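# Structural features, examined
Listed below are the residues making up each chain.
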Amino acid sequence: MEATQRRLGGGMVPVSPSQTPRSSDKPVRDLRSADSNSNSHSKYDKDKGVNVQVLVRCRPLNEDETRLHTPVVISCNEGRREVSAVQNIANKQIDRTFAFDKVFGPNSQQKELYDQAVSPIVYEVLEGYNCTIFAYGQTGTGKTYTMEGGARKKNGEFPSDAGVIPRAVKQIFDILEAQNAEYNMKVTFLELYNEEITDLLAPEETSKFIDDKSRKPIALMEDGKGGVFVRGLEEEIVCTANEIYKILEKGSAKRRTAETLLNKQSSRSHSIFSITIHIKECTPEGEEMIKCGKLNLVDLAGSENISRSGAREGRAREAGEINKSLLTLGRVINALVEHSGHVPYRDSKLTRLLRDSLGGKTKTCIIATISPSIHCLEETLSTLDYAHRAKNIKNKPEINQKMMKSAMIKDLYSEIDRLKQEVYAAREKNGIYIPRDRYLHEEAEKKAMTEKIERMELEAESKDKQLVELQELYNSQQLLTDELSVKLEKTEKSLEETEQSLFDLEERHKQANATIKEKEFLILNLLKSEKALVERAIELRAELENAASDVSNLFSKIERKDKIEEGNRILIQKFQSQLAQQLEVLHKTVSASVMHQEQQLKDMEEDMQSFVSTKAEATEDLRQRVGKLKNMYGSGIKALDDLAEELKVNNQLTYDDLKSEVAKHSSALEDLFKGIALEADSLLNDLQSSLHKQEANLTAYAHQQREAHARAVETTRAVSKITVNFFETIDRHASSLTQIVEEAQLVNDQKLCELEKKFEECTAYEEKQLLEKVAEMLASSNARKKQLVQMAVNDLRESANCRTSKLRQEALTMQDSTSSVKAEWRVHMEKTESNYHEDTSAVESGKRDLVEVLQICLNKAKVGSQQWRKAQESLLSLEKRNAASVDTIVRGGMEANHALRARFSSAVSTTLEDAGTANKDINSSIDCQYCVISMHHHCCLGR
Ligand SMILES: Nc1ncnc2c1ncn2[C@@H]1O[C@H](COP(=O)(O)OP(=O)(O)OP(=O)(O)O)[C@@H](O)[C@H]1O
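These numbers come from a predicted model, not from an experiment. (Residues numbered from 1 in each chain as written. Predicted model: local features only at pLDDT ≥ 70, side-chain atom pairs only at ≥ 80, totals over all residues. Heavy atoms only, no water.)

### What about the packing of aromatic side chains?
Put simply, the test is: Centre distance within 6.5 Å is the pairing criterion for rings of Phe, Tyr and Trp, where only the six-membered ring of Trp is used; planes under 30 degrees apart are then read as stacked, over 60 as edge-to-face, and the remainder as tilted. Only DSSP runs of H or I covering at least 4 residues are called helices, and only runs of E covering at least 2 are called strands; the numbering of each starts at the N terminus. Whether a residue is buried, partly exposed or exposed follows from its accessible area with a 1.4 Å probe, protein chains only, as a fraction of its type maximum: under 20%, in between, or over 50%, in that order. Here, a charge over a ring is recorded when the distance from Lys NZ or Arg CZ to the ring centre is within 6 Å and its angle to the ring normal is within 35 degrees.
With the rule as written, the count across this model stands at 4 aromatic pairs. Between the aromatic rings of F189 and F273, the centroid separation amounts to 5.1 Å while the plane-to-plane angle is 85°, which identifies the pairing as edge-to-face. Taken as a pair, F189 in strand β8 (residues 183-193) and F273 in strand β15 (residues 270-282) lie far apart in primary sequence, 84 residues in all. By relative accessible area, F189 is classed as buried at 0%. Of note, K363 hangs over the ring of Y129, and the distance from its end group to the ring centre comes to 4.4 Å.

### Digging into the packing of helix α5 (residues 164-179) against helix α6 (residues 241-254)
Between two packed helices, both the angle of their axes relative to each other and the distance between the axes serve to describe the pair. The condition is simple: Lines are fitted to the C-alpha atoms to define the axes, a helix being fitted only along its stretch in contact, and any angle between axes, read from their N-to-C directions, falls within 0 to 180 degrees. In this scheme, roughly parallel covers angles under 35 degrees and roughly antiparallel covers those over 145, while 65 to 115 is roughly perpendicular and the rest are oblique. The hand of a helix crossing depends on one turn: near helix anticlockwise from the far one by less than a right angle means left-handed, and clockwise means right-handed. The contact criterion used throughout is that any non-hydrogen atoms of two residues lie within 4.5 Å. All residues other than Ala, Val, Leu, Ile, Met, Phe, Trp, Tyr, Cys, Pro, Asp, Glu, Lys and Arg, Gly among them, are scored as polar; the first ten of these are nonpolar and the last four charged.
Across the interface, α5 lies against α6 with an axial gap of 9 Å and an inter-helix angle of 160°. Relative to α6, the element α5 lies roughly antiparallel. Crossing handedness for the pair α5 and α6: right-handed. Contact residues: α5 offers I165, P166, V169, K170 and F173, while α6 offers A241, I244, Y245 and L248. Partitioned by chemical class, the residues of the contact of α5 with α6 number 8 nonpolar, no polar and 1 charged.

### A look at a nonpolar patch on the surface
Inclusion rule: Think of a patch as exposed residues, more than 30% relative accessible area, with no salt bridge, where like charges cluster within 9 Å and nonpolar side chains (Val, Leu, Ile, Met, Phe, Trp, Tyr) cluster within 5 Å. Each accessible area value is a Shrake-Rupley result obtained with a 1.4 Å probe; residue values ignore everything except the protein chains displayed when judging cover. Note on definitions: salt bridges are taken to be side-chain nitrogens of Lys or Arg within 4 Å of carboxyl oxygens of Asp or Glu.
Where nonpolar side chains cluster on the molecular surface, the patch consists of F575, L579, L583, L586, V590 and V594 and spans about 560 Å² of accessible area. In this structure, L583 sits in helix α12 (residues 436-770).

### What to know about a negative patch on the surface
Defined as follows: Here Asp and Glu are counted as negative and Lys and Arg as positive; His is not counted, and neither are the chain ends. Charge positions are represented by NZ for Lys, CZ for Arg, CG for Asp and CD for Glu.
Residues E451, E454, E457, E461 and D464 make up a contiguous surface patch of negative charge. Tracing the backbone shows E461 in helix α12.

### A word on the sheet that holds strand β5 (residues 92-99)
Selection criterion: Think of it this way: DSSP has to see at least two bridges between two strands before they count as a pair.
Strand order in the open sheet formed by 3 strands is β3-β4-β5, and the pairing between neighbours is antiparallel. The open sheet has two edge strands, β3 (74-77) and β5, and neither has a second partner. Averaged over neighbouring strand pairs, the angle between their axes works out to 15° when direction is ignored. The sheet strands contacting helix α10 (residues 377-390) are β3, β4 (82-89) and β5, and the helix crosses β5 at an angle near 30°.

### Focus on the UniProt feature "binding site: ATP" (unreviewed entry) in the protein chain
Definition in use: UniProt positions are given in the numbering used here, feature names are shortened, and annotations may be inferred rather than shown by experiment. Two N or O atoms form a polar contact when they lie within 3.5 Å of each other; inside protein one atom must be a possible hydrogen donor and the other a possible acceptor, and for residues adjacent in sequence the pair counts only when both atoms belong to side chains.
Feature annotation in UniProt assigns "binding site: ATP" (unreviewed entry) to the following positions: G137, Q138, T139, G140, T141, G142, K143 and T144. When you line up the elements, T141 lands in the loop between β7 (130-137) and α4 (143-147). Overall, T141 belongs to the buried group, its relative accessible area being 3%. Apart from the residues lying within four places of it in its own chain, the contact partners of T141 are R59, T369, I370 and S371. A polar atom in the side chain of T141 sits 2.5 Å from the backbone oxygen of Q138. Note that T144 resides in helix α4. For T144, a relative accessible area of 25% translates into the label partly exposed.

### Some thoughts on the nonpolar core
As a reminder of what qualifies: We define a nonpolar core as any set of buried Ala, Val, Leu, Ile, Met, Phe, Trp, Tyr and Cys residues linked to one another through side-chain atoms lying within 4.5 Å.
Grouped together as the largest cluster of nonpolar side chains are 48 residues, with contacts concentrated most on F100, L329 and L358. For this core, the element with the highest residue contribution is helix α8 (residues 314-338), accounting for 7 residues. The contacts of L358, once residues within four sequence positions are left out, are F134, L329, V332, L336, Y345, I393 and N395. Grouped together as the second largest cluster of nonpolar side chains are 44 residues, I172, Y183, V187 and L295 included.

### A few points about the pattern of salt bridges
Counted under the stated rule, the structure contains 17 salt bridges. The salt bridge partner of D64 is R67, with a shortest N-O separation of 2.6 Å. In this pair, D64 and R67 both sit in helix α2 (residues 63-67), 3 residues apart, roughly one turn of the helix. On the basis of relative accessible area, R67 is assigned to the exposed category, the value being 56%. Through salt bridges with shared partners, a single network forms among E182, K280 and E288.

### With respect to the side chain of N400
If you trace the backbone, N400 turns up in the loop between β18 (394-395) and β19 (403-404). Note on N400: relative accessible area 2%, which makes it buried. A distance of 2.8 Å separates the side chain of N400 from the side chain of N130, its partner in a polar contact.

### What about α5?
To be explicit about the condition: A helix is expected to reach a length of 1.5 Å times the quantity of its residues less one.
Given a rise of 1.5 Å per residue, 16 residues ought to cover 22 Å, and the 22 Å separating the end C-alpha atoms of α5 matches this to within 8%. All of the buried residues in α5 are V164, I165, P166, R167, A168, V169, Q171, I172, F173, I175 and L176. Once α5 ends, the next one or two residues include N180, with phi positive near 55°.

### Remarks on the pairing of strand β16 (residues 288-299)
Extensive coverage of β16 is indicated by the burial of 11 of its 12 residues. With 6 bridges joining them, β7 and β16 adopt parallel strand pairing. Its bridge partner being in β16, C131 is matched across the sheet by L295. Where β15 and β16 come together, 12 bridges link them in antiparallel fashion.

### A look at the environment of C802
By the element assignment, C802 lies in helix α13 (residues 774-942). Taking the C-alpha atoms as reference points, C802 and A744, 58 residues apart in sequence, are found 9.5 Å from one another.

### Structural notes on the pairing of strand β9 (residues 196-199)
Every regular strand shows the same layout, with side chains that alternate between the two sheet faces. Here 4 bridges tie β8 to β9, and the two strands are oriented antiparallel to one another. The residue of β9 that forms the bridge with L190 is D199.

### A closer look at unusual backbone geometry
Here H69, not a glycine, exhibits a phi torsion of approximately 50°, which is positive. With respect to the helices and strands, H69 occurs in the loop between α2 and β3. Taking relative accessible area as the criterion, H69 reaches 67% and is therefore assigned exposed. Backbone geometry places R81, a non-glycine residue, at a positive phi of 55°.

### A short note on the packing of helix α3 (residues 110-127) against α5
For the pair α3 and α5, the least separation of the axes is 10 Å and the interaxial angle reads 50°. Looking at the two axes, α3 sits oblique to α5. In terms of crossing hand, the pair formed by α3 and α5 is right-handed. Counting all contacts with α3, which are made through Q110, K111, L113, Y114, V118, S119, V122, Y123 and L126, the residues of α5 involved are V164, R167, A168, Q171, I172, I175 and L176. A per-class count over the contact of α3 with α5 returns 11 nonpolar, 3 polar and 2 charged.

Okay, structure coming up:
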């Protein structure tokens, strides 16, 4: 029942098997996160957890597969960490790609896989983590090959195809040896077969019978803290790697294997090989601590298709059990991934054993093995799905709490005592006896367990009932579904038939519609042509009727025409005779009138000759009169010409007067302007000279100001220099203060460390003494403690005093520097003040000068304005005079013009009178002429 220590190694004391290393409740720093290449480290986050690392390994085709040229459907892209399954047969197309943390193709070597995926995990185990690596995959895909290796150890050499387990063992020993560490290592090796656990390291006596029945299953117990442990599992203490190899060989040989169609040596059970390492560490204070790490290496039985693997009878049951536990594992993975409240760990022993590795505090790595063959595609896809899903499981790894060696020894002593008591009790009485306390404790535990079991049974019953109900419901639903599906089928068939007939009918309907349409079209065309024909006939009839009436009309017209033509002929004959008579009469009258006309023309010629002679006389008379008029107009125009000449002379005179007057005025104005310009010039010169003076003053003032500013800048520079010096000294003091404080801190720390060390030493010493003289020692230890504390306090006080005095000194130096800065500042202030006063007086004098200059300018401006006023007045008087003289000239001109205008108007009136009489004469002569002509005209008309 109880574990027995088989060997003691490295001077370390092993822990009991029930003491499976536990992670501390305290969060611990991930020590390998910096140098590990495992991506789990990078993902690590205390609250979120670390994803289970999943890698895939594809084995190469085996001999048979190569011989039979089995098609390969799996391709591995190690760089992109992807596995693709591609198959295209007939109409079934598969093309799926999965991404994993790492992918190892068919050519990958054992060492490669180990170095890349497992080695970092081993480092983590040595840091104090619990880690699990398990291989999952279809039968014959290389789980055992990956975990254990193809060949066992040959002649002490390390084989190149050694698997994960021997390599991990070697690495652990190599590291520990290199570190020269004091350690203790123990291993366990168990097998889970048909839901029963067997110890592969059990002593020979108990397993000398080869048949399965002789193998005693061992119990899986709850440790009361949520974990499980295997009661009575052998723990082999190992000191060298070779020992482990031997153990492995021995254990593996005991594993149940069988030949299946897929694997000649197929593992029929799950195996868990665990290595627990305790490493001694010394704290800087010299305390011995024990660090503990555990590595679980799990080789699962193959997931398989029973029919394909060729498993029969016993093997089929095996396969069923294997599949059941793997199914539970799948359900656990699903529940963890989907974060469902209940995770069915308890449904199989495998999941109970792996509980901490799936969603617990262990770091886990799953190696999924697959075959590239087309025949395994279904299982390969299922494995890839499974593994891909497992990628999302999150664990929360924690480093196992380090134990103090003394505490551990204490625990072990109490364990030995308990065991001794048990042995003693057993020796004293017949049968099995245990101490009362333990009995009571176990009874209570048992009671609690019974209650729990009862409760669970009740729950299970109710669940069963529910299940039965659900089953019934499911069955009835199934029946209903079957009925409905039959009905549905029938309905579908009839629907199909109806649809077919409907389709036919529709076709026929379409055809009929088409023929109807054709016929309708023909009828319509016929009707149309009939209608057109009737219309045409009606038209033709009307035309015929019209033609008949036209013909009758034509006949009557022809008759009438004939009659008229007859009448016309008679009339023409009458007209001919009349016309001949009239033409004879007309001939006679025309000859008489010609004679008369000739007579009249002779008379007219005579009259015209007399009229021309009278006209010549009248014209002579008129010419004489016009000559007279011409003379009269010539004398009038001459008089007007004389007048205009006189006017011109007058105007010239007036213009000359005006011109001389204006010239006089302009010369007077010129003289005046010259005088004014001279005055203005002198004024401007004065103003310019005063401005020059002012400019000189201003330049002097600016110079003064510049000098004052330069002085101010100088002083400011001096001040800033002083201030910088001041701050530098303050800085120096501050840094020396910090140094002092740091020193003080260091001294304090050292002293506190010493105190702590002394206190611990004292405590340890006293603890030892306490076993003999507790009471006596207590007093003395108290006194000693007091003394020690007093000493430490005094020490601290002294150092504090020393520091205070140093601080005071620093403060004094600081005060000194401050006072010197103050004095410098005062000097600077005084200087600045005197400069300021000087500047102000200079400004005042400048201001005064300016005021004087301005006054001078003002006076000059006044003189200027007076002179301008005078000039204005003289200009005004000149203007007035000019205006008066121009007025008299203009008035004289105007009077002369008036006299000329009177003469001109009298001359015009006489000329007009003369012209009036001449016009009258012409008019009367014209009238006379007119009378003569009219008389002539009348005479001519009278003839
Ligand atoms: N990567 C590999 N390279 C070379 N040979 C391999 C590889 N993987 C597997 N094999 C060979 O394939 C055969 C089957 O491998 P193995 O027994 O490890 O499969 P398994 O997955 O453990 O099967 P089972 O689940 O039935 O135990 C072995 O002969 C092994 O040597």
